[in-house]
Amino acid sequence: MIQQRNGERRVHMPKFEESSKVALAADVPGPATEQPLLAVDDLTVKIGTRVLLQGVSFTLSPGEFCGLIGENGAGKTTLLRSLVGTQPSPHGCVKVCGFPPSRARGMVGYVPQKINFAPDLPLRVCDLVQLGCDGHRLGPRWFSRKSSEAVSRALAAVGAEQFAKQRIGELSGGQQQRAVIAHALARQPRLLLLDEPLANLDFKSANELARLLGHLTREHGIAVLITAHDMNPLLSLMDRVVYLAGGRAACGSVEEVIQSESLSRLYGYPVAVIKHSGRIMIVPDTEGPQPDEACYMEPSNGRNRERITK
Amino acid sequence: MFQSFMLHTWIASTIIALVAGTLGFFVVLRRSAFAAHALPIGSFPGAAAAVLLGIQPLWGLLAFVAVGVVLLQQLQRLGRRDVAAGLVLVTLMALGSLLLSMTHSYGPGVFALLFGEVLGVSAADLLPVAIISAVVIFGVISLYRPLLLQSAFPELAVPRGLRPGVMDLLFLVLLGLVVAMALPVVGTLLVFSLLVAPAATAQSLSANPIRALSLSILLSLGMMWLSIVLSFWTNWPIGFFIGAIGATLFSSARIFRYLRDRFNSRSAMVTP
Ligand SMILES: Nc1ncnc2c1ncn2[C@@H]1O[C@H](COP(=O)(O)OP(=O)(O)OP(=O)(O)O)[C@@H](O)[C@H]1O
Ligand SMILES: [Mg+2]
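Everything numeric in this text was worked out from a predicted model, so none of it was measured.

**Student:** Give me the overall build of chain B: which residues, what numbers.
**Tutor:** Secondary structure summary: chain B contains 11 helices and 0 strands in total. Start at the N end of chain B and walk to the C end: the helices and strands fall as α-α-α-α-α-α-α-α-α-α-α. Overall size of chain B, expressed as C-alpha extent along the three principal axes, is 70 × 50 × 30 Å. Within chain B, contacts between residues at least 6 apart in sequence are counted, and of these 77% link residues at least 24 apart.

**Student:** Account for the packing of aromatic side chains, naming residues and giving values.
**Tutor:** Centre-to-centre distance and the angle between the planes together describe a pair of aromatic rings. Residues and elements named next belong to chain B. All chains considered together, the criterion is met by 6 aromatic pairs over all chains. An angle of 75° between the planes, with centres 5.8 Å apart, marks the rings of Trp-236 and Phe-240 as edge-to-face. A residue is classified by how much of its surface remains accessible, and Trp-236, at 49% relative accessible area, is partly exposed. Measuring from ring centre to ring centre gives 6.0 Å for Trp-236 and Phe-241, while their planes differ by 10°; the resulting arrangement is stacked.

**Student:** An account of the site of ligand 1 is requested, with residue identities and associated values reported.
**Tutor:** Residues and elements named next belong to chain A. In the vicinity of ligand 1 there are 13 residues, among which Arg-50, Gly-73, Lys-76, Thr-77 and Thr-78 approach most closely. With respect to ligand 1, the side chain of Thr-78 contributes an N or O atom lying 2.5 Å from an oxygen atom. Taking 640 Å² as the accessible area of ligand 1 by itself, protein coverage stands at 62%. The set of elements that each furnish at least two residues to the shell around ligand 1 consists of β2 (50-60) and α2 (76-84).

**Student:** Account for the interface of chain A and chain B, naming residues and giving values.
**Tutor:** Contact residues are listed per partner, giving 37 residues for chain A and 29 residues for chain B. Both faces considered, chain A and chain B share a buried interface measuring about 2,800 Å² in area, 60% of it formed by carbon and sulfur atoms. Summed over the three residues of chain A that lose the most area to chain B, namely Arg-105, Pro-122 and Arg-167 of chain A, the buried surface amounts to 19% of that side. If you look at where chain A meets chain B, you find 4 salt bridges. The salt bridge partner of Asp-134 of chain A is Arg-145 of chain B, with a shortest N-O separation of 3.1 Å. In this structure, the connection of chain A to chain B is made through 11 residue pairs in polar contact (both at pLDDT 80 or more). Elements supplying a minimum of two residues to the side of chain A that touches chain B: α3 (125-134) and α5 (173-185) of chain A. Among the elements that line the side of chain A that touches chain B, the one with the most residues is α3 of chain A, at 5 residues. The residue makeup of the side of chain A that touches chain B, split by class, is 17 nonpolar, 9 polar and 11 charged.

**Student:** Describe the pattern of salt bridges, and please don't skip the residues or the numbers.
**Tutor:** Considering all chains together, one arrives at 10 salt bridges over all chains under this definition. Across the salt bridge formed by Glu-170 of chain A and Arg-257 of chain B, the nearest N and O atoms sit 2.6 Å from each other. Placement of Glu-170 of chain A in the loop between α4 (145-157) and α5 and of Arg-257 of chain B in helix α11 (residues 238-270) is noted, with the two residues assigned to different chains. Residue Arg-257 of chain B is classed as buried on the basis of its relative accessible area, which comes to 9%. Within the structure, one salt-bridge network assembled from shared partners comprises Asp-120 of chain A together with Arg-31 and Arg-254 of chain B.

**Student:** Mind laying out the sheet that holds strand β1 (residues 38-47) of chain A, listing which residues take part and the relevant values?
**Tutor:** Residues and elements named next belong to chain A. Within the open sheet, the 3 strands sit side by side as β2-β1-β4. Their pairing is antiparallel. With partners counted over all chains shown, the strands left at the sheet margins are β2 and β4 (90-96), one partner each. Each neighbouring strand pair of the sheet contributes to a mean axis angle of 15°, computed without reference to strand direction. Against the sheet, α2 contacts β1, β2 and β4, and its axis sits at roughly 115° relative to β1.

**Student:** Explain the coordination of the magnesium ion (ligand 2) to me, and be specific about the residues and the numbers.
**Tutor:** All names here are of chain A. In the first shell of the magnesium ion (ligand 2), the protein supplies Thr-77 (OG1) and Gln-113 (OE1), at 1.9 to 2.2 Å from the metal. Placement of the pair is Thr-77 in helix α2 and Gln-113 in the loop between β5 (108-111) and α3, with a sequence separation of 36 residues. Gln-113 gets classed as partly exposed once you look at its relative accessible area, which sits at 37%.

**Student:** Outline the packing of helix α9 (residues 188-205) of chain B against helix α10 (residues 209-234) of chain B, supporting the account with residue identities and numerical values.
**Tutor:** Residues and elements named next belong to chain B. Between α9 and α10, the least distance of the axes is 8 Å, while the angle of their chain directions is 135°. With respect to α10, the element α9 is oriented oblique. As for how α9 packs across α10, the hand of that crossing is right-handed. On α10, the residues touching Ser-193, Leu-194, Ala-197, Pro-198, Ala-199, Thr-201, Ala-202, Gln-203 and Leu-205 of α9 are Ala-212, Leu-215, Ser-216, Leu-219, Ser-220, Met-223 and Met-224. Of the residues belonging to the contact of α9 with α10, the class tally is 11 nonpolar, 5 polar and no charged.

**Student:** So what about the confidence of the model for chain B? Which residues, and what values?
**Tutor:** Of the residues in chain B, 93% reach a pLDDT of 70 or more, and the chain-wide mean stands at 87. Across the whole predicted complex the pTM is 0.84, and at the interface the ipTM reaches 0.87.

**Student:** Which residues make up the pairing of strand β6 (residues 191-195) of chain A, and what are the values?
**Tutor:** Residues and elements named next belong to chain A. Where burial is concerned, most of β6 is hidden: 5 out of the 5 residues are buried. In terms of strand pairing, β5 meets β6 through 4 bridges, oriented parallel. When the sheet's bridge partners are listed, Tyr-110 is paired in β6 with Leu-193. Bridging between β6 and strand β7 (residues 223-227) involves 5 bridges; their strand directions are parallel. The partner of Leu-194 across the bridge, within β7, is Ile-226. Once you follow β6 into helix α6 (residues 203-220) and on to β7, the crossover reads as right-handed.

**Student:** Quick rundown of the sheet that holds β5 of chain A? Include the residues and the values.
**Tutor:** All names here are of chain A. Here 6 strands make up an open sheet; going across it, the order is β5-β6-β7-β3-β8-β9 and the pairing mixed. Only two strands of the sheet have a single partner each, and these edge strands are β5 and β9 (248-253). Geometrically, the sheet is characterised by an average inter-axis angle of 15° between neighbouring strands, direction not taken into account. Relative to β7, strand β3 (residues 65-69) runs parallel, the two sharing 4 bridges. In the strand pairing of β7, Leu-68 is matched with Thr-227. The strands that α5 touches are β5 and β6; relative to β5, the one it contacts most, it runs at about 170°.

Basis of the calculations
- Residues numbered from 1 in each chain as written.
- Chains lettered and ligands numbered in written order.
- Predicted model: local features only at pLDDT ≥ 70, side-chain atom pairs only at ≥ 80, totals over all residues.
- Heavy atoms only, no water.
- Helix = DSSP H or I, 4+ residues; strand = E, 2+ residues; numbered from the N terminus.
- Contact = heavy atoms within 4.5 Å.
- Phe/Tyr/Trp six-rings, centres within 6.5 Å; stacked < 30°, edge-to-face > 60°.
- Buried < 20%, exposed > 50% of the residue type's maximum accessible area, 1.4 Å probe, protein only.
- Near = heavy atom within 4 Å.
- Polar contact = N/O pair within 3.5 Å; in protein donor to acceptor, adjacent residues only side chain to side chain.
- Areas by Shrake-Rupley, 256 points an atom, 1.4 Å probe, with all protein chains shown as cover.
- Buried area = accessible area lost by both parts, 1.4 Å probe.
- Salt bridge = Lys/Arg side-chain N within 4 Å of Asp/Glu carboxyl O.
- Nonpolar A, V, L, I, M, F, W, Y, C, P; charged D, E, K, R; others polar.
- Pairing = 2+ DSSP bridges.
- Axes fitted to C-alpha atoms, helices over the stretch in contact; angles between N-to-C directions.
- Donors = N, O, S within 2.8 Å, 3.2 Å for Na, K, Ca; no water.
- Parallel < 35°, antiparallel > 145°, perpendicular 65-115°, else oblique.
- Left-handed = near helix turned anticlockwise from the far one by under 90°.
- pLDDT = per-residue confidence, 0-100.
- Right-handed = clockwise from strand over helix to strand, strands pointing away.

In structure tokens:
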């Protein structure tokens, strides 16, 4: 199932995704396919002699919602970091709206996998979001109604109004996550790169974020590339999946990839895909054959128990 | 205390406190306190060497600070900031002691460089202080938002086109200018107190960046003025007062915050 695309150059949309795209392509406004929002061509990342990613190529068009999956350490974060420009020494060609990542600054919203906020940072959630609007601007900040509206819209989008005036380092992990998502949304990016944005969120916040992302892709033609280990809230939105294994990437439609066999092969662990009343769910397959349990306790020959009962 | 010869002291120390309080806000935000310690200590031999060579101490300081800034920026790119600052400190000290040992005599100004001569500022000393301060304040105002974003959230700054190497260099240049300007007046040891204590106090008291920055400047000014007055009355060195007031400020802010949090959590428990 894993198609290796090493060296194959592609300019246009990958061939896999036609089938799943049809339903959504109709209501995407604006220029649909002539220029991809994101074009990755033959991207290779090495650290020392270790190859983290090799020959990764794919494109994202406006309005596309693309999942990025792979096991821990597959290189998802590395891929997103190279798209943003935080990964040192990537080779290959990355274009965001036709620009290299370093020059596409207004167009990309990025949510990193983890940020450690120091508890005494003198910034509140609203300051973080405000910096999402104008953090790169020079000169003093004059009050502008437009930017304060953009800030309150971004705060409302992630349901962060209640804690908008609190110090960011003193919030819970999920609240911080939502603040960073609001920061990424504030400048109305055309491409959203989200690294495990759902990881710390409760059911309600996760589903509302998924709905928001669906709305942004369909109504505003924003392209989304998102990693998630729990993909269930996203399955109904995804047009396409890019999957990483062994440093290589391949894309496929949701129907092709989200299947018990292909996911099990990808993760090296039994996974079942359940379809029920029009909804798809991914669950670990506890019915099938299980890999050996790792035993980290020393084998006890009943002595410990004797000692306890004595 | 307000005689004409003291006028220069008041002007110079007010400008320095203002600039140090402003830039100190970013020093604390970036967790660069060690760099703010390493630069003045490391570049003080530059002034001593300049005195011995018979040129203006400011030039020697600027030369050493420039070496320190470039070294720091390059080393920081390779890895941890604290290690980089430590290495720069050691390198500059080694260079300085080599220079001093070659001349075989220590100028009498060395003590003044360590502890400052606030009470002996002349009109000629004021001009460089004023010029460099204007440059630094202009730099901070124009870089306010990028510096705030990049200092507080480095990971989020790169996607906005703020490259960490460039931002580090800009910040270190500003820091180096403040160090070179303030060192002959307030001395090596006090530059550090002025840069760190008011800003750390302010940041633990307010979560609003503009308010914290303003508070940092006010505290820095207050600390400076109070120290001058006390030093004038008691005839004790000004460094003692600046250091002591700085430490007192910071610890009382911490205690205040602790008590406030405890009080808030009490009242929250009483009225659920
Ligand atoms: N700074 C680094 N130096 C060396 N190797 C690194 C570095 N950062 C990441 N790696 C390696 O790169 C590989 C990919 O890491 P990455 O963080 O991209 O994985 P991931 O797919 O995001 O995993 P996860 O699901 O746990 O988030 C890992 O095997 C990791 O060991
Ligand atoms: Mg990751």
